Every structure is written in structure tokens, then in C-alpha cells.
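Structure assessment
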Amino acid sequence: MVAETKTERESTRSTFQNVWLARLGPFIGLFLVIAVFALLTESPARYLSPFNLRIVLAQTVTVALGAIGMTMIIVSGGIDLSVGSSIALSGVVTALMLRAGYPPIVSVVTGMFVGGLVGFVNGTVITRLRVVPFIATLGMLGIARGAAKWIAGQQTVNVPQTWVNELAVTFPTPSWLLLAPGVWIALLLSIMTAVILRNTIFGRHVFALGSNEAAALACGIPVRRLKVWIYSLAGLYFGLAGVTQMSRLRQGDPTVAVGAELDVIAAVVIGGGTLSGGEGSILGSMIGALIMAFLRNGCQQMGWPNYIQEIIIGGIIVIAVAIDRFRHSRSQT
Amino acid sequence: MTVLALSDIARRFGPTIALDGVNLELRRGEVHALIGENGAGKSTLMNILAGSLQPDRGTMSVKGQAYSPTSPVDARERGIALIHQELSLVPHLTVMENILMGLEPARWGWLNREAARRKSLAVLENFHHPDIRLDRRVADLSIAARQVVEICRALAAQADIILMDEPTSSLQRDDVTHLFALIRRLRSNGISIIYISHFLEEVREIADRYTVLRDGQSVSTGALASVTNSELIVQMVGRPVDNLFPTRVRSPADRVLLRVRDLSAPPHLQHASFDLRAGEILGVAGLMGSGRTEMVRAIFGLDPAQSGTFQVRGKAFKAHGSSPPLQLSQGLGYLSEDRKGEGIALSLSIADNTTMTRFSSCSRWGWLDRSAQRKQTEARMRQLGVKARNPLQPARALSGGNQQKIVLARLLHQDANVLLLDEPTRGIDIGSKAQIYEVIARCAAEQKGVLMVSSYLPELFGMCDRIAVMSRGRLTPARTVAEWTPEMVMLAAIGGEETPGTAVDLGRQLRV
């Protein structure tokens with residue numbers, strides 16, 4: 001009996017360490033990335049300047065918004081490969097609406113809902129036709145991309161000058177905003193979604209679904225409906241990401257964001273999400289998105305070619321997940 | 001001659017002690033039965049012998065030489081092969097490829113097809129099984145044929161010690177007869193076999209000597225001819241059963257909480273009717289695969305029912321319209337026999353796991369009040385004696401017994417009026433068992449209804465007011481415990497059609 005309580009205590013202590021390792025891990029990673037580039041670069045002052053910070057944040061908006069939605073999906077045990085196409089499609093739709101003279105707010109909301117609709121279709125195919133998420137969204141990757149090219153007539157769609165174009169600029173007007181409006185929106189939405197995942201019944205159901213679907217079913221959670229909701233809500237975020245992408249380019253481009261889903265998934269995974277579900281956090285995913293943005297920016301500052309960035313980011317993803325696995329194998333003994 | 005000797009083998013997994021001092025001696029050309037209840041440590045011992053697990057203490061020797069395998073490859077090199085409960089064949093490859101897996105005759109990496117054919121035919125020849133041709137995919141074979149392939153693989157690796165872990169659990173009677181003939185042939189060729197089973201009659205038919213494992217220790221060993229079944233049972237169960245079960249006043253009310261009529265959910269469940277009254281613990285005995293679990297799942301709406309009706313608190317409805325949300329709202333609670341698969345979400349906190357079915361107790365407008373959730377969970381944890389640091393720990397960090405208490409805590413938190421418990425104490429330590437019995441008895445005392453499915457007869461006799469037996473998908477009428485003896489329950493479980501020819505069958509099915 002004494003021995004049992006002792007081992008019980010030991011295992012709780014190691015869980016405690018693990019929890020902190022999981023929470024702090026992405027922060028340490030971000031700190032390391034920034035520190036390494038600050039040391040490498042000839043002008044650390046420039047790399048660490050508020051000016052550069054603004055650039056990095058403005059660049060991160062699209063991936064960060066996508067990562068919020070993807071976190072919900074991955075925590076629930078799913079995956080969505082159609083993010084890049086969904087971004088392109090909603091960007092094109094927003095641009096077409098603006099060009100046709102609809103008010104900006106109507107165009108933006110419509111763009112978001114196009115993303116939501118794509119997610120709704122994904123969720124419905126997954127739950128009603130019982131196609132696994134990987135395949136269902138792989139199909140959608142092609143369908144949404146094709147639809148974007150179709151409605152855009154295989155061309156980029158130029159948009160008139162409206163406030164939509166200012167969403168993700170590096171220097172916002174009015175200047176007291178300091179950061180691009182898109183950054184503030186992403187920050188606000190990430191806090192909101194984090195609170196929802198943590199503090200609402202919906203959020204706990206998302207975690208329960210990803211952790212053990214059979215148990216969730218046995219606990220009376222309406223699993224199918226929940227999945228459709230998750231993919232649809234995440235789709236709204238992808239739609240908004242499409243709007244910010246269009247805003248940065250100042251045109252709707254149906255060929256944009258090819259492979260963006262991999263950046264988004266990488267952000268979530270670096271931030272502690274596991275593809276088997278049940279784990280992940282919005283905060284972690286945001287840090288993950290920042291790690292990649294700082295890496296890209298650092299490589300650019302160093303004048304390194306694009307392929308070096310790709311190699312480094314690839315390596316970071318594997319290392320992040322390897323650390324995560326190590327943590328798991330320790331907590332399971 | 002002793003080919004394999006184990007001395008004082010021990011192994012623990014975190015807080016649970018799986019093995020604690022096992023001695024065993026296997027002679028050349030004998031079939032040695034390893035018997036024990038579920039959770040006695042048999043499978044752990046086999047995994048240690050096969051090199052998949054390492055013991056924490058103790059020594060092993062093979063043919064007089066020290067044996068301490070660090071991987072299954074080591075075990076194979078020393079001539080030891082394990083035939084798993086769930087077969088470990090590769091279904092997409094052919095019979096030949098499976099037999100020779102890891103031993104493919106090759107030159108510079110190129111498979112020598114002719115030698116491969118010869119080699120696999122040589123072992124397959126022993127068995128004369130019509131279905132097995134070398135180029136057939138294993139996925140297309142019956143379970144029995146696959147088992148033959150698995151044994152062939154052991155022989156191709158020149159194993160002379162074969163470990164069989166419940167090899168008959170998925171076989172039909174004819175196949176069992178074949179398997180036994182095969183085992184006898186292996187034995188006459190000087191191969192030694194450790195045969196794991198809890199079917200005593202089956203063990204008597206095939207084995208020469210036995211070792212009984214109980215709570216991770218070897219408690220007795222000897223020749224089967226010199227011991228009776230009841231002596232074996234005493235050795236298997238031999239624990240202080242007296243104070244394990246709480247004393248309870250068995251006086252259920254007349255009020256029926258759950259009435260089930262003519263429920264069927266083919267293919268496993270043919271027919272079940274019963275009444276569960278307030279304050280009653282109704283036991284359901286039966287063999288694994290008899291339809292017990294399917295009955296509970298159909299009631300709770302997890303599996304579709306074909307026909308039948310329920311009446312909950314006087315309200316009647318059709319069985320095929322049942323669903324978990326509906327039944328939860330009617331006050332039914334369900335505890336799955338498969339804790340890790342369906343019972344508990346390992347990566348979620350204890351608090352989330354406990355309150356999952358009734359978040360409404362600690363939320364408003366869809367928002368959780370986390371401190372209320374925490375307080376409510378702490379109260380449940382105290383009530384059930386859960387050993388954990390705090391309610392925010394992930395369920396994964398707990399021992400099996402404590403995880404099971406969390407699942408039960410969920411039913412209490414849900415305030416279920418009817419508890420459907422499928423194997424509530426499977427695979428957990430005795431201390432936790434006693435606490436869980438205590439809680440179940442308290443639920444009955446609070447005029448709740450408890451349906452308890454169990455393979456463990458002492459548990460049913462120790463806890464229940466009435467017992468019904470599931471046999472081949474049909475539930476017998478429930479009778480009071482006083483009207484049953486364990487022997488009668490077993491006879492009912494196997495259908496009661498006793499003819500001389502079914503002796504093997506009967507023996508196989510007796511799960512003691």
C-alpha cells in the first residue's frame with residue numbers, strides 16, 4: 001500500500017513536469033528561434049526592431065487565422081487538407097463581390113461564409129458518407145481550387161480601393177493602431193476561441209471527441225452533429241484567412257495559397273497538437289505560427305535562399321513532434 | 001529433462017503489479033497448462049518468455065543455459081515461439097510469405113522462390129489442411145486455418161518450445177479437435193508446449209501437468225491427473241472472498257425502473273426480457289460472446305436493436321429508437337466493458353471525464369464554471385476513494401482501478417437511476433474492486449436499479465439479488481440468488497444440452 005501511493009505520487013510528479021514542458025515548449029522554441037537569428041544577424045537591432053516585428057506579424061495573419069480553425073479540427077481528431085484551396089476560393093469570392101460593387105462588409109462576410117460552406121460540406125461528407133477526413137478534404141482540395149479558378153475565369157480579380165485592402169498592411173492607418181487590423185482581429189479571435197475551447201461545453205466536447213470518440217458516443221455526445229459544427233466553424237476561419245490573403249495581395253488570386261494547409265497544420269503540430277486528437281491549444285498553435293514566421297523572416301534577413309527556409313522549417317516540424325512523442329512515452333510508463 | 005525453467009519472475013507496470021514471483025518448469029515433450037483467472041498475469045508471463053517484455057526480477061534458463069531475451073528475435077533464436085491470442089499474421093501476404101517471415105531463403109537480398117516453397121511445404125505437410133495453399137492470401141483463410149499457419153511459422157523457425165495463449169478462444173469445436181490432434185503430434189516429436197487457458201476440461205484433455213497462477217504468483221504445480229477440478233478452482237480463486245463483498249439487505253421494491261420486453265439485436269442477441277426493480281442488483285451471467293454485452297449496448301442505443309420494447313419509469317417506447325442521448329435523459333447510465341476503448345478519454349482530465357455526461361451541473365448558457373466542476377469532481381473522488389493528485393490530472397496518469405472508479409464516478413455524477421454495468425471490475429486490483437462493490441451496493445440502497453454483467457461468478461453471487469443467464473443470445477428468466485448454484489449457472493450458460501459428445505465443448509466454455 002505504501003509502495004503504491006509512492007509510485008502514484010511519482011507518476012503525478014512526472015505528469016506535472018510534462019504539463020509544463022508541453023505548455024512552455026513552444027515558447028522556448030520561439031525564444032530560441034528569435035535568439036539564434038538575433039545572434040546570427042549583423043544587425044540584431046534591426047531584427048528585433050518594432051518595425052520588423054510589425055512585418056512578421058502582418059505576414060503571420062493568414063496562417064494564424066487558419067491555425068485557429070485547424071486547432072479545433074485537429075483537437076477533435078480530424079484533419080483538413082483543403083485549407084489552401086478554401087483560402088483561394090473565399091479570397092476570389094470576396095474580390096468578385098468588391099469588384100461588383102457590394103459594400104466591403106457584405107463582401108467580407110460572404111467570403112467568410114464561403115469558407116464556412118466548404119467546411120460544412122467537408123463535415124457532411126465525413127459524417128454522412130463516412131469518408132475519412134483525410135480523403136474527404138483531399139477531394140475538397142481539388143474541388144475548391146477548381147471552383148476558385150472557374151469563377152475567377154482563370155485570372156486574378158482586381159479590387160477597388162476599400163478598407164478591406166488595409167486589413168493586413170504593415171503600417172496601418174490610423175497609426176495609433178500600431179499593428180495591422182488583421183493582427184488585432186486574429187489576436188481577438190484566438191483569445192475568444194481559446195476561451196471557448198477551454199470553458200464551454202462545446203469546447204470540452206471537442207476535446208472528448210478527439211480523445212476517445214467511442215467514449216464520447218457512449219456519453220451521449222451528438223458526435224456527427226458536433227463534427228459538422230467543427231468543420232463549419234473552422235471553415236469560417238479559413239474564409240477569413242482567405243479575406244486577409246486577398247487583402248495583402250490586393251487582388252483575388254485563384255492560384256494563391258497552394259500548400260497553405262501544410263503551413264497551418266505545421267503551426268498546430270509545432271504548438272503541441274497531436275494528429276491522433278485530444279490534444280492541442282490555440283496558444284500553442286499561435287506560437288507555432290509565429291515560430292515559422294520568425295524563421296522565414298530571419299532567413300530573409302540573412303539573405304538565405306528560399307530552399308534553406310524550407311529545409312529548416314521541415315526540420316523544426318519533425319523535432320517538435322519528436323519532443324512531443326518523447327514526452328508521451330515518458331508519461332505512459 | 002527440463003527445457004525451460006523460470007524462477008521468481010516479477011514485473012510491474014507503474015503502480016500495478018502484474019507478476020510477483022512465478023516459478024515454472026517445462027519438461028521436454030510435455031504440454032504444460034498455465035491456468036488462472038483473467039488478470040492473473042498469464043499474458044504478461046508469456047510476453048516475458050517471448051522477449052517482448054523484460055522481468056524486473058527473477059531468472060530464466062533454456063536447456064540449462066541462462067536466458068534473458070531483450071527482443072522477440074532473441075526468443076526465436078533460442079527456439080521459443082509465441083502463438084498469440086489474437087493471431088499475429090500479416091493478412092495481405094500469402095501463406096508462404098507468412099510462414100517464412102523473417103526467415104526467407106535468399107541470396108543477396110533476392111528471394112529464392114524454389115527454396116521458399118520447399119521449406120514452407122515441409123512444415124505445412126504435417127497438417128493436411130485442405131484450405132491452405134502456399135499462394136493464398138492469409139486474409140482469405142478461416143481463423144482455424146490461420147492458426148495452423150501461425151503454428152507452421154513457429155515450426156519453420158525451428159521452435160521447440162511453443163507458447164499458446166488461449167488458442168481455442170476463437171475456434172469451433174471441430175477445429176479444436178484438429179488443434180488438439182496437432183498438439184499431440186508436436187508433443188510426440190519432442191516439442192514442449194505451454195498451454196494457456198481457463199477452460200479446465202480442455203486443459204484436462206490436452207495437458208499433462210499444470211501451474212496455477214493467481215495474482216501474479218505461481219501458487220501450485222503438479223500433474224493434472226492428481227488434482228480435481230474443484231481443487232484447481234480453489235487454487236485459482238483462493239482469496240479471502242468473505243470480506244470482499246459488502247453485506248446488503250436484499251429487499252428490492254416492487255417498483256419497476258426498467259422493463260425490457262422481447263429485445264433482439266441479431267446476430268448476437270436473439271431474445272431478452274426482464275424487469276429491473278428499484279433497489280435491485282440484477283446479475284447477468286454468460287459466456288463471452290453470448291450476447292450479454294450486445295444486450296446492454298442495444299438497451300443503451302449504442303447498437304441498433306431489431307425489435308423489442310422498453311419501459312422506463314412507466315413510459316414505453318420502441319427499442320430500435322433508442323440512442324445514448326435519449327437514454328441518458330431517461331436516467332440510464334452505461335459503463336462499458338472496454339474501459340480504454342470506450343469508457344474513459346485518457347488525455348482528458350479527471351474532471352472532464354467525470355462530468356462529461358452532465359456538464360449542465362457546472363455550467364450556465366454553455367459556459368463551464370471550472371471551479372464548480374473541480375469541486376464536484378473532488379467530492380466524487382473522495383466518495384469513491386480515487387487516488388490522484390488533483391482533478392486536473394489526465395486520466396492516463398491513473399492506475400486501471402482508479403480509472404474505473406472515474407468511469408463509475410461519471411455515472412454517479414450523472415445521477416443515473418438505472419446503472420447498466422458491463423464487467424465493472426474487469427482487470428482491476430482487489431482493493432479497487434472492494435470499493436466499487438461498496439459503491440454499487442450503496443446505489444442499490446438508494447433505490448437505484450443496477451444491471452451487472454459479469455464473467456466472474458463469485459461477484460454475481462456476492463452482490464446480486466437475482467441472476468439471469470445469457471446463453472447463445474437468449475436470456476433466461478431471472479431467479480433469486482438462493483435458487484441458483486454456480487454449477488447451475490454454468491449449465492444454463494452453455495445451454496444445458498448435455499450429451500457425451502459435448503464434453504469438450506462444455507469444458508471449453510466453463511469460465512471459472
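What counts as what
- Residues numbered from 1 in each chain as written.
- Chains lettered and ligands numbered in written order.
- Predicted model: local features only at pLDDT ≥ 70, side-chain atom pairs only at ≥ 80, totals over all residues.
- Helix = DSSP H or I, 4+ residues; strand = E, 2+ residues; numbered from the N terminus.
- Rg over C-alpha atoms; globule rule 2.2 N^0.38 Å.
- Buried ≥ 20, exposed ≤ 12 C-beta atoms within 10 Å, placed from the backbone.
- Pairing = 2+ DSSP bridges.
- Axes fitted to C-alpha atoms, helices over the stretch in contact; angles between N-to-C directions.
- Contact = placed C-beta atoms within 7 Å.
- Domains from an automatic or database assignment.

**Some remarks on the overall build of chain A**
Looking only at helices and strands, one finds 13 helices and two strands in chain A. For a compact globule of 333 residues, the expected C-alpha radius of gyration is about 20 Å, and chain A comes in at 21 Å, within 12% of that figure. In terms of principal-axis extent, the alpha carbons of chain A reach across some 75 × 55 × 35 Å. Here chain A holds 333 residues, and 48% of them are scored as buried.

**As for unusual backbone geometry**
B:Pro267 follows B:Pro266 through a cis peptide bond whose omega is 5°. Phi is positive for A:Arg250, which is not a glycine, with a value near 60°. Relative to the assigned elements, A:Arg250 resides in the loop between α10 (223–249) and β2 (251–252). Even without being glycine, B:Glu166 reaches a positive phi, approximately 45°. Looking at where B:Glu166 falls in the secondary structure, it is placed in the loop between β9 (161–165) and α6 (173–188). The exposure class of B:Glu166 is partly exposed, given the 19 C-beta atoms found within 10 Å.

**Some points on the sheet that holds strand β6 (residues 80–83) of chain B**
All names here are of chain B. The six strands lie next to each other as β6-β9-β10-β3-β11-β12, forming an open sheet whose pairing is mixed. Edge strands, defined here as strands with exactly one partner in the open sheet, are β6 and β12 (217–223). Adjacent strand axes in the sheet meet at a mean angle of 20° when their direction is disregarded. As judged from the four bridges shared by β6 and β9, these two strands associate in the parallel manner. Bridge pairing in β9 places alanine 81 opposite isoleucine 162. In the packing of helix α1 (residues 42–49) onto the sheet, contacts are made with β3 (31–35), β6, β9, β10 (192–196) and β11 (209–214), and the angle to β9 comes to roughly 150°.

**Section: the pairing of strand β14 (residues 269–277) of chain B**
Taken residue by residue, a regular strand's side chains alternate between the two faces of the sheet. Residues and elements named next belong to chain B. Strand direction decides the pairing type here: strand β13 (residues 256–265) and β14, joined by six bridges, are antiparallel. Counted as the bridge partner of alanine 265 is leucine 269 from β14. Linking β13 back to β14 in an antiparallel pair, the connection comprises three residues.

**Considerations on the domain arrangement of chain B**
When its domains are assigned, chain B resolves into domain 1 (2–237) and domain 2 (256–343 + 415–509). With centres defined by C-alpha atoms, the gap from domain 1 of chain B to domain 2 of chain B works out at 34 Å.

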